[in-house]
Each structure stands twice: as structure tokens, then as C-alpha cells.
Amino acid sequence: MTAQGVDDAVRAREPVGERRLHPVTPFRRAWAPVTLLVGWAAHDPNQAQQQLTRLTTTTLLLALAVIVLAASLYGFLSWWFTYFSVTDSELRIRTGLVFRRTAHIRLERIQAVDVTQPLLARVAGVAKLRLDVVGADRKDELAFLGQDEARVLRAELLARAAGFAPGTAREVGEAPAHELLRVPPRALAVSLALRGATWGALAAALVVPPVLWLVTHSVWTVLATGLPLLGAAGARSAGRFVAEYDWTVGDSPDGLRLDHGLLDRSHETVPPGRVQTVRIVQPVLWRRRDWVRVELDVAGSDNSVLVPVAPRAAAEAVVARVLPGVTVPADAALSRPPRRAGRCLPLWWRGYGIAVTDAVFAARHGLLRRDLALVPHAKVQSVRLTQGPWQRLWRLAAVHVDTGAGKTVTARLRDAQEAADLLRGQAERSRTGRRDARPDRWMAAS
């Protein structure tokens, strides 16, 4: 065995310092048995009501005391038998009283480490640590940790993932962040009011009830339909305003920091080098102000919004930080499909366009709501050409570019010869792009 192998074996036998979650965690987990009872009652409310009517007041109080005691015991034991530790190569999470489960999360497979604080958690001074891991269908999480402990652990995990030695990972601390963009609350509110979905939901809430009244002449039917529609029209916009309030984008060596939320505060990170696609969206009512929304496709991550609303110039400056060396193609630089594409898609064919630069494959669709997708050549997993019978008649084809996030960007209604050339050229650009791409590592720029 080599000296390196001996060192690894010795480190593997060394005891790992395990830590427990914050003492407030049992109060959160104690709700699990209560939730089961509520779910049973909601599933069969008639039987639940019959069972309650059979109980005397004394029996009901005793049952309530047993439920509270059982919930408290469950919360305490689940907290007591939950440990986590950070080794040289992985994060270990050990849980379970009867059936033990140990999760081994390799540090080099961590995509992002986010700190979230629901409203009650902010009041209690605790936070939830959520981890995006390559190949995992859902996020692993540590809930709850002390607010300062969560930030320290997040910085330690990022430093370990970046390759820092265990002895110096804690000393590195959290990387400093420079603010790039902040969305004013007024601009966010105006942007939500100018969305087509908001006006469509409001129109449905105002049109459907009178129609139902003319058909049924039933006040209860109108109220039962109109009130939920009206509530949904406002709730969706209000929910987005609360979630995207005080949206701040900061630049740091470990990626772009996203801080947002009015009630539930979230501190997320866009991993460097892991962004597969950037989408610049512009609803028709935003064009006069030249506002856009920037969305992301990140492999293995739930992060999907980079900028909820911003002037185009400011948004493109942020995109340049996500995709270094990439310039967003102007509308005039996009190549439209040939005019005969109108035979396949009248009028709407004018909303399609593509541009291929040295860095990205760009495709736009949408006549009213414009959606421009940018895919770096190094992130292209496969390229496909499709051609239906009607498209063959008019010598048209579509080129599909698949990314590592499981998403597809499509150049539609292209000339058949142009599509064939685009297919061959994109395959070569993807190959050379992957060869010359920078490594997807945390703090690669530091």
C-alpha cells in the first residue's frame, strides 16, 4: 500500500465529530403525528365526526393529552437521533431510531447550498440548509440550524467542495459578495400588474360570473365560481410579489448570490459553470419600458429565476456574469425563418429566430411574449433534426438542442438545407466547446 493509501485509511478510521440540529427542531418535527391525524380526518370526515361524537369530554381530553405527549416524544427522539458531520470528502446525515439511515453526500457533487428562513424560523433565529446534489431527485436538507451556524456550515461546505484542506476550510469563511442588481418593490409590483396572465385571470373572474348568472340564475353558483377566480387572480400575483420581494443579485467567487423574500427569506446560489440555459423573457406589456425577466436551467438544481424584472441593459450585464464572454444577440442579429414558413404557422412564424455565435446557440420564439434561449456550446448534450410531412412539403425542418438539465431549445421552421448545415456545425461546436470549457468547480475564479 502506498503512503497516500495509508494516510487515507488512517483518516477513514478517525472519529468524525458529529453534531445535532438546533434544539428548536423537535417543535417542528412534533407536528408529524398531528398531520397524520388531520389527513385521516380530511380523507373520511364523516367517520371522523362519528368517532368524535362518541367520545365523552374526559375521554377527549385524555386523547388530546396522549396526542400531545406522543407528538412531543416523537419530535424529541427524531431530533436526538439525528446527527450530521463533515468529513474530508462528504457530508454525512444519520437519522432514525428503529430503522437507521445514513446519507453520504459527496462534496464534489454538490451543485448549490442554499439557506432559507421561513417566517417562524426568522422569529426563532434559525435557518434551513438545503443542498442541490448531482443526480438527486430532491434536495437534501438540514432543518434547523442556528442562523450563524447555517452560514458557517454553508461556507465550510463550499470551501471543501472547492478543494480547500479540511484544516483551512473553516478559516476561509463566506466569500465576499458584490451587489450587481436590486429589484425595487415598486418595479416588481408594476411588472406583475403588466403581465398577461394577471389580466387574463382578472378577465376570467369578471366575465365568467355574469355568464353563469345568465345560464343558471343561481347566486350560489356565481359566488362559488366567481370568488375563487377573483381570489386566484390576486393570489398568484401577490404570492410572486411576496416571494420575489427585495430581490438582490450579488457576485461572489462561489457563484451568484440570490437573496429575496418578504416573509420567507431565501439565500440561494447559482453554481458557477453549471448553468445549462439562460432564458430572457419579455411579455408584450413590458416592451415599452424595455423590461425583461431572466430564467435559468441548472442541472440538478431548482433555481430557475435569476432576475424577476430589470431593464434589458442591467439584465444582460448579469447574464454576462453567468455566461462569461457571452453577448446577448440583438433582435436585428436573429435570422428569421424563410417566408414560406408562414404556410406551416401563419403570422406566428415571425416570432421565431436564431443566432449562432462563437459562445452560444440562441433561439427565440413568441410573437407577443418573446422568449430568447441561450445555450453555451459546451453544455449541448445532443443535437437532433426533425421534419414532419407538412414541413417536408415546404422544405422546412427543426433543429433541437438538448442540454444537461433535461431541457430542449428548438430552432423551428428553418430551411431544410440550413437545418442540415446547422446540425453538423452545432455538433462540431459542442465538441470543441466541451474541450475548451473551464472546469465546473466552486470558487474557480478565486
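Refer to the structure printed above.
In this report, we go over the structure that sits alongside the text.

Rules behind the numbers
- Residues numbered from 1 in each chain as written.
- Predicted model: local features only at pLDDT ≥ 70, side-chain atom pairs only at ≥ 80, totals over all residues.
- Heavy atoms only, no water.
- 1 Å grid on protein atoms, 1.4 Å probe; cavity = no way out; pocket = protein on both sides within 12 Å on 5 of 7 lines; lining within 4 Å.
- Points joined across faces, edges and corners; volume = space filled by probe spheres on them.
- Helix = DSSP H or I, 4+ residues; strand = E, 2+ residues; numbered from the N terminus.
- Nonpolar A, V, L, I, M, F, W, Y, C, P; charged D, E, K, R; others polar.
- Contact = heavy atoms within 4.5 Å.
- Pairing = 2+ DSSP bridges.
- Axes fitted to C-alpha atoms, helices over the stretch in contact; angles between N-to-C directions.
- Buried < 20%, exposed > 50% of the residue type's maximum accessible area, 1.4 Å probe, protein only.
- Core = buried A, V, L, I, M, F, W, Y, C linked by side-chain atoms within 4.5 Å.
- Expected span 1.5 Å × (residues − 1).
- Arc of directions from axis to C-beta.
- Polar contact = N/O pair within 3.5 Å; in protein donor to acceptor, adjacent residues only side chain to side chain.
- Phe/Tyr/Trp six-rings, centres within 6.5 Å; stacked < 30°, edge-to-face > 60°.
- Lys NZ or Arg CZ within 6 Å of the ring centre and 35° of its normal.

Here we come to empty space enclosed by the protein. Applying the stated criterion across every chain, the model contains 2 cavities of 30 Å³ or more. Along its surface, the largest cavity is lined by Ile 280, Gln 282, Arg 312, Asp 331, Arg 364, Arg 370, Asp 371 and Leu 372. Contributions of two or more residues to the lining of the largest cavity are made by strand S11 (275-282) and strand S16 (370-376). When residues of the lining of the largest cavity are assigned to their parent elements, the largest contribution, 3 residues, is made by S16. Its residues assigned to classes, the lining of the largest cavity comprises 2 nonpolar, 1 polar and 5 charged.

Checked against the element boundaries, Leu 422 lands in helix H14 (residues 416-436). Separated by 23 residues in the primary sequence, Leu 422 and Val 399 place their C-alpha atoms 7.6 Å from one another. When residues no more than four places from it in sequence are discounted, the contact partners of Leu 422 are Ile 354, Val 356, Phe 361, Val 399, Ala 411 and Arg 429.

On to the sheet that holds strand S17 (residues 380-386). Pairing is antiparallel in the open sheet, where 3 strands are placed in the order S17-S18-S19. Of all the strands in the sheet, the pair left with one neighbour each is S17 and strand S19 (408-415). With strand direction ignored, the average angle separating the axes of adjacent strands in the sheet is 15°. Pairing of S17 with strand S18 (residues 396-403) involves 6 bridges; the strand directions are antiparallel. Looking across to S18, one finds that Thr 386 is bridged to Ala 398. In the packing of H14 onto the sheet, contacts are made with S17, S18 and S19, and the angle to S17 comes to roughly 170°.

Attention shifts here to the environment of Leu 119. Position of Leu 119 relative to the elements: it lies in helix H6 (residues 119-124). Residue classification places Leu 119 among the partly exposed residues on the basis of a relative accessible area of 39%. Residues Leu 119 and Leu 262 lie 143 residues apart in sequence; the distance between their C-alpha atoms is 8.8 Å. Those residues in contact with Leu 119, other than ones at most four positions away along the chain, are Leu 263 and Asp 264.

Let us look at the pairing of strand S12 (residues 291-298). With 7 of its 8 residues buried, S12 lies for the most part within the structure. Bridge count for S11 against S12 is 6 bridges, and the pairing is antiparallel. Its bridge partner being in S12, Val 278 is matched across the sheet by Leu 296. Both S12 and strand S13 (residues 305-311) contribute to a ladder of 4 bridges, which runs antiparallel.

With 37 residues, the main nonpolar core has Val 249, Val 278, Leu 296, Leu 306, Val 307 and Val 322 as its most contacted residues. Residue assignment for this core shows that the elements contributing at least two residues are helix H9 (185-193), strand S9 (255-260), S11, S12, S13, helix H12 (312-322), strand S15 (360-365) and S16. Apart from the residues within four sequence positions on either side, Val 322 is in contact with Leu 256, Val 275, Val 278, Leu 296 and Leu 306. Judged by nonpolar contacts, the second largest core, of 22 residues, contains Leu 21, Trp 79, Phe 84 and Val 113.

What sets the pattern is the α-helix's 3.6 residues per turn: residues three or four places apart point alike. In this model H14 runs 30 Å from its N-terminal to its C-terminal C-alpha over 21 residues, within 8% of the 30 Å that 1.5 Å per residue would give. Ala 419, Leu 422, Gly 425, Gln 426, Ser 430 and Gly 433 are the residues of H14 that are buried. Looking straight down H14, one finds its buried side chains confined to an arc of 155°; they lie on one side. Across H14 from its buried face, at more than 90 degrees, point the exposed residues Arg 424 and Arg 435. Where H14 is buried, its residues touch strand S14 (353-356), S15, S17, S18 and S19. Taking the backbone nitrogen of Gln 417 as reference, a side-chain oxygen 3.1 Å away marks Asp 415 as the first, capping residue of H14.

This part covers the packing of aromatic side chains. Per the counting criterion, the structure on display carries 6 aromatic pairs. Arranged with centres 5.8 Å apart and planes meeting at 25°, the rings of Phe 76 and Trp 80 form a pair that is stacked. Placement of the pair is Phe 76 and Trp 80 together in helix H5 (residues 57-80), with a separation of 4 residues, close to one helical turn. On the basis of relative accessibility, which here comes to 38%, the residue Phe 76 falls in the partly exposed class. Given a relative accessible area of 36%, Trp 80 falls into the partly exposed group. Here the aromatic cluster, defined as three or more aromatic residues joined through ring pairs, consists of Phe 76, Trp 79 and Trp 80. Sitting above the plane of the Trp 79 ring, Arg 20 keeps its charged end 5.9 Å from the centroid.

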